[in-house]
Amino acid sequence: MTLGKTITSAKRILRKYTICDWCLGRQFAMQGYGLTNKDRGLALKTLLLMTGTETYHDNPKQGLTLIRHLVEHGQYQPAREFLLKEGITDIKPSQVCDICQGVMDRLPEAAQAAIQSLQDWEISSLLIGTRIDPTIIENEEQLRSELQIDSGEPIKAELNREIGKLVTEEKGIDVDFESPDVVALIQIPKFSVDLEVHSLFIYGRYQKLKRGIPQTRWPCRECGGKGCQRCKNTGKMYAESVEELIAPVLLELTQGKDVKFHGAGREDIDALMLGSGRPFVIEILSPHTRTIDLQKAIKRINKSTKGKVKVSNLRFANKDVVKHVKGGATTSKKVYKALVYVESPIRQDTLQTLQSVSLPLEVNQRTPHRVLHRRANRTRKKRIHTLEIVPVSSKSFELTISCQGGLYVKEFISGDEGRTVPSIAELLGTPAVCKQLDVVTVEIEEDQLPW
Ligand SMILES: [Zn+2]
Ligand SMILES: [Zn+2]
């Protein structure tokens, strides 16, 4: 659109509509640079007054009509002053803007509503969104179709941007379109605010030093969590879990609402988690505080768990780290230590056979019986990298296995009635069971995570 066309178009809008600077400027948002729509609207009204006063000298009637529109439809003060100077006083009061219903002049009020609702939340980034009364959108659409305007910007985009500017400037924080700490959704024109507070993610590693603790809270099978005789009204299968041992301190420090625990796989309830610990991310829902001292948190957690669980390496993470930590569980390398019992006494040379099996060893593992109720029945290929054996008695030995994550170690030992091939039982030629299983290492490349 040429500037001449723009001015003509603005003149036509003002003839018919009462329109504020913002709403007039927004119809030509694609023109100019580094301007707010208010700047544009005001500039157009200024140009129209200059045109009007020029016309007024040659053709008072025609000039006056335009200048009147600027006052009565355009709320333009200099045009009013011109009319008063000319002794024209029968000026109709200007109405509220036909498009935005006056919302655009109340942006600071909208910003204050958002700031008010954010006052209890510690945030460093924000995104403002708006839900706009449909009549406002319709008003604008009608004007555009009627005057065939195609150089405008949606009012929603402008409201989000302009309120966002006011709020982030006053709070001294950044706008973040990708992953803001909070999205503030403002109802237009009511200015009520709904907050969508995003989770805080904290990465770490845990050791589990006591058997019989599941990784996450496990609702009672009988009552589904409501509380019954079986669970002694706790609603849980187990009194405590790694999650429940770690979470309280973090919830208190962040004043969050709840947590979600994301582990890099999980060990059996009766297995220990040793070595450098298992990577996890704890997701804190609706945290009021985001900057907490993680070193202090580690100390407090480790004191509160009374040696059952220990955390280390806490650091702030994000949603993508969760994906990697969870997804990497099956591909990363793991080391287990198992106590194996066999049915018939084993000879030294049989153990040696096991020791000298060619590595890496590929294992075909059909979903074990004991997890069939929650996992698809299919065959998975897993690799064994190393096997180390230390005899304990004639019928038992300690087996250290380094393998691909996702291998069911107990079934690799027993063979699971032929569902895992080969197995320790098969290689030894005698039934074998895993009596105790601990996890020594869960490898994860921390440097490679998308921090
Ligand atoms: Zn307006
Ligand atoms: Zn129960």
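Residues numbered from 1 in each chain as written. Chains lettered and ligands numbered in written order. Predicted model: local features only at pLDDT ≥ 70, side-chain atom pairs only at ≥ 80, totals over all residues.

Trainee: I keep staring at the overall build of the protein and nothing clicks. Help me out?
Mentor: A tally of regular secondary structure across the protein gives 14 helices and 14 strands. Within the protein, the proportion of its 451 residues that are buried is 35%. (Helix = DSSP H or I, 4+ residues; strand = E, 2+ residues; numbered from the N terminus. Buried ≥ 20, exposed ≤ 12 C-beta atoms within 10 Å, placed from the backbone.)

Trainee: Would you mind showing me how to read the domain arrangement of the protein here?
Mentor: How big an interface is tends to be stated in terms of accessible area lost as the parts join. Split by domain assignment, the protein resolves into domain 1 (3-85), domain 2 (103-197), domain 3 (200-329) and domain 4 (332-446). One C-alpha centre belongs to domain 2, the other to domain 4, and the line joining them spans 59 Å. (Domains from an automatic or database assignment.)

Trainee: Please clarify how the pairing of strand S4 (residues 193-197) should be interpreted in this entry.
Mentor: Each regular strand shows side chains that alternate between the opposite faces of the sheet. Direction of pairing for strand S3 (residues 182-188) relative to S4: antiparallel, over a ladder of five bridges. Opposite Leu185, over in S4, you have Asp194 as the bridge partner. (Pairing = 2+ DSSP bridges.)

Trainee: I tried to follow helix H8 (residues 155-171) on my own but got confused; where do I start?
Mentor: Residues that lie three or four places apart on an α-helix share one face, since the helix turns once every 3.6 residues. Counted at 1.5 Å a residue, the expected span for H8 with its 17 residues is 24 Å, and the 24 Å between its end C-alpha atoms agrees. Three or more residues of H8 are buried, namely Ile155, Glu158, Leu159, Glu162, Ile163, Gly164 and Val167. Count one or two residues on from H8 and you reach Gly172, which has phi positive near 65°. (Expected span 1.5 Å × (residues − 1).)

Trainee: Help me understand the packing of helix H1 (residues 3-16) against helix H3 (residues 37-58), please; the structure alone is not making it clear to me.
Mentor: Helix packing for two helices is described by the angle between their axes and how far apart those axes are. At a minimum axis separation of 10 Å, H1 and H3 run at an interaxial angle of 90°. With respect to H3, the element H1 is oriented roughly perpendicular. Of the residues in H3, those touching H1 at Ile7, Ala10, Lys11 and Leu14 are Leu44, Leu47 and Leu48. Classifying every residue of the contact of H1 with H3 gives six nonpolar, no polar and one charged. (Axes fitted to C-alpha atoms, helices over the stretch in contact; angles between N-to-C directions. Parallel < 35°, antiparallel > 145°, perpendicular 65-115°, else oblique. Contact = placed C-beta atoms within 7 Å. Nonpolar A, V, L, I, M, F, W, Y, C, P; charged D, E, K, R; others polar.)

Trainee: Whenever I open this one, the sheet that holds strand S1 (residues 125-132) confuses me. Can you help?
Mentor: Neighbouring strands of a sheet are bound in pairs by backbone hydrogen bonds; such pairs are parallel or else antiparallel. Pairing is mixed in the open sheet, where four strands are placed in the order S2-S1-S3-S4. In this open sheet, the two edge strands, each paired with only one partner strand, are strand S2 (174-175) and S4. As judged from the two bridges shared by S1 and S2, these two strands associate in the parallel manner. What sits directly across from Leu126, in S2, is Val175. Packed onto the sheet, helix H6 (residues 107-117) meets S1, S3 and S4 and runs at close to 140° relative to S3.

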